[in-house]
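# Remarks on the overall topology
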Amino acid sequence: MSIRVLFLGEIVGKPGIATVKSALRKLREDKKIDLVIANGEGATGGFGLGRAHSMQLFKLGIDILTGGEKIYYKKDMVEFIAKNPNILRPANYPQQNPGRGVKYLTVNEQKVCVINLLGNADFPRTHLGNSFALAQMLVDKAREDNQIVLIQYHASTTAEKSTMGYMLDGKASAVIGTHTKILSGDARILKHHTAFITDNGRCGSQTSVGGFSSSTEINKFITQIPVRSNECWDDLELVGVLVDVENDGKATAIETVRVQVESPAQQEENEHV
Ligand SMILES: [Fe+2]
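Residues numbered from 1 in each chain as written. Predicted model: local features only at pLDDT ≥ 70, side-chain atom pairs only at ≥ 80, totals over all residues. Heavy atoms only, no water.

The protein carries the name Metallophosphoesterase, MG_246/BB_0505 family in an unreviewed UniProt entry, which gives Sphaerochaeta pleomorpha as its organism.

### Examining the coordination of the iron ion
By definition of the ideal shapes, four donors in a tetrahedron about a metal sit 109.5 degrees apart, and six donors in an octahedron sit 90 or 180 degrees apart. Distances from the iron ion to its protein donors, E41 (OE), E69 (OE), E69 (OE), H154 (NE2) and H179 (ND1), fall at 2.1 to 2.8 Å. Read N to C, the donor residues that coordinate the iron ion are spaced as E-x27-E-x84-H-x24-H. Linking H154 in strand β7 (residues 148-154) with H179 in the loop between β8 (174-178) and β9 (188-189), this pair joins segments that are 25 residues apart in sequence. Note on accessibility: H154 and H179 belong to one class, buried. (Donors = N, O, S within 2.8 Å, 3.2 Å for Na, K, Ca; no water. Helix = DSSP H or I, 4+ residues; strand = E, 2+ residues; numbered from the N terminus. Buried < 20%, exposed > 50% of the residue type's maximum accessible area, 1.4 Å probe, protein only.)

### A few points about the nonpolar core
L6, L8, I11, V20, L57, I62 and I87 are the most contacted members of the largest nonpolar core, which has 34 residues in total. For this core, the secondary-structure elements that each account for two or more residues are β1 (2-8), α1 (13-30), β3 (35-39), α2 (51-59), α3 (75-83), β12 (236-246) and β13 (251-261). Residues contacting I62, with those up to four places away along its chain left out, are L8, I11, V20, L24, V36, A38 and L57. I3, L88, V112 and A174 belong to the second-largest nonpolar core, a separate cluster that totals 22 residues. (Core = buried A, V, L, I, M, F, W, Y, C linked by side-chain atoms within 4.5 Å. Contact = heavy atoms within 4.5 Å.)

### Considering the sheet that holds β9
Where strands meet in a sheet, backbone hydrogen bonds hold them as pairs that are either parallel or antiparallel. Pairing is mixed across the open sheet formed by 6 strands, whose spatial order is β5-β6-β7-β8-β10-β9. Among the strands making up the open sheet, the edge pair consists of β5 (102-107) and β9. Across 5 bridges, the pairing between β7 and β8 is parallel. Within β8, the residue paired with I151 across the bridge is V175. Where helix α4 (residues 131-144) meets the sheet, its contacts fall on β5, β6 (110-118) and β7, and the angle it forms with β6 comes to roughly 170°. Across the sheet, helix α5 (residues 158-167) touches β6, β7, β8 and β10 (195-197), and the angle it forms with β8 is around 170°. (Pairing = 2+ DSSP bridges. Axes fitted to C-alpha atoms, helices over the stretch in contact; angles between N-to-C directions.)

### A word on the side chain of D169
Within the secondary structure, D169 sits in the loop between α5 and β8. K191 provides the closest opposite charge to the buried, salt-bridge-free D169, at an N-O distance of 7.6 Å. Among the polar contacts listed, one links the side chain of D169 to the backbone nitrogen of K191, at a separation of 3.3 Å. A polar side-chain atom of D169 sits 3.3 Å from a polar atom in the side chain of T194. For D169, the contacting residues outside a window of four places in its chain are L190, K191, H192, H193 and T194. (Lys, Arg positive; Asp, Glu negative; His and termini not counted. Salt bridge = Lys/Arg side-chain N within 4 Å of Asp/Glu carboxyl O. Polar contact = N/O pair within 3.5 Å; in protein donor to acceptor, adjacent residues only side chain to side chain.)

### Thoughts on a negative patch on the surface
A contiguous patch of negative charge on the surface is contributed by E262, E268, E269 and E271. Along the polypeptide, E262 turns up in the loop between β13 and α7 (264-272). (Patch = residues over 30% accessible without salt bridge, like charges linked within 9 Å, V, L, I, M, F, W, Y side chains within 5 Å. Areas by Shrake-Rupley, 256 points an atom, 1.4 Å probe, with all protein chains shown as cover. Charge placed at Lys NZ, Arg CZ, Asp CG, Glu CD.)

### Some words on the pairing of β8
Extensive coverage of β8 is indicated by the burial of 5 of its 5 residues. Residues A174, I176 and T178 line one face of β8 and the alternating positions V175 and G177 line the opposite face, and both faces are buried. Following the backbone out of β7, through α5 and into the adjacent parallel β8, one traces a crossover that is right-handed. Pairing of β8 with β10, which is carried by 3 bridges, proceeds in the parallel orientation. Across the sheet, V175 pairs through a bridge with F196, a residue of β10. (Right-handed = clockwise from strand over helix to strand, strands pointing away.)

### Looking at the packing of α1 against α2
Helix-helix packing is characterised by the crossing angle of the two axes and by the distance between the axes. Where α1 contacts α2, the axes come no closer than 10 Å and their chain directions differ by 15°. On the basis of their axis angle, the class for α1 and α2 is roughly parallel. Two packed elements cross with a definite hand, and for α1 against α2 that hand is right-handed. Side by side, α1 and α2 meet where I17, V20 and R25 of the first sit next to H53, Q56, L57 and K59 of the second. (Parallel < 35°, antiparallel > 145°, perpendicular 65-115°, else oblique. Left-handed = near helix turned anticlockwise from the far one by under 90°.)

### Some details on the environment of M137
Structurally, the position occupied by M137 is in helix α4. Classification of M137 by relative accessible area gives exposed; the value is 55%. The sequence separation of M137 and N84 amounts to 53 residues, and the corresponding C-alpha distance is 24 Å.

Spelled out as structure tokens, the structure:
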């Protein structure tokens, strides 16, 4: 038996949640997806994940939400993550931190281990443990128990992400990069049957700066005056990768998924025509 996993790109703000709401149920059914893992750390206004939004995303068909450097940005998540094993924070935060970075579950009678890690480069506010050394340790431990290992690696540099992919080739079934919110064109099965992509994109506006209105971001870059970013509702798309894994842990396919959805304003317009 095999399992089919959808890794959704970072969900950015309300437009990202609306996109998931419009597209995920049908996609899950049409493609016979067994497990949906999504990066949720930008779901609340692009900066963090609040408790209410996390619960809404589970209701919309996501099984596991992963984090990154913004996972503790919302105060109520600091408490809630300790109680909810389906929300992961990077495993390389200090062990005593609220929440966990590893989730064990059973999918189609297969033992599966999902691991969330944060890259070490270009995150000036976080000073976490070495993601590579920890990945080796956690993956070896999971494989002793014949687990299918799925890695969500939230990292800023392409070098770290591709290095993680090659290091775990043949050990993890998938190494999926997040954080940069741009779908990269390198989805592939590596030599030893690990599915890999540098970045699985974002759910939300595609004609925007990381999900935010470009006009505000342009002004910020010119003036250097910090102002709040504005969520963008233009050209909404559900974006991610679909990965098939056999019960021996070998990935057999990875394909990118892009589903365009109408924005609520467009929907209203169409209803009045
Ligand atoms: Fe991030």
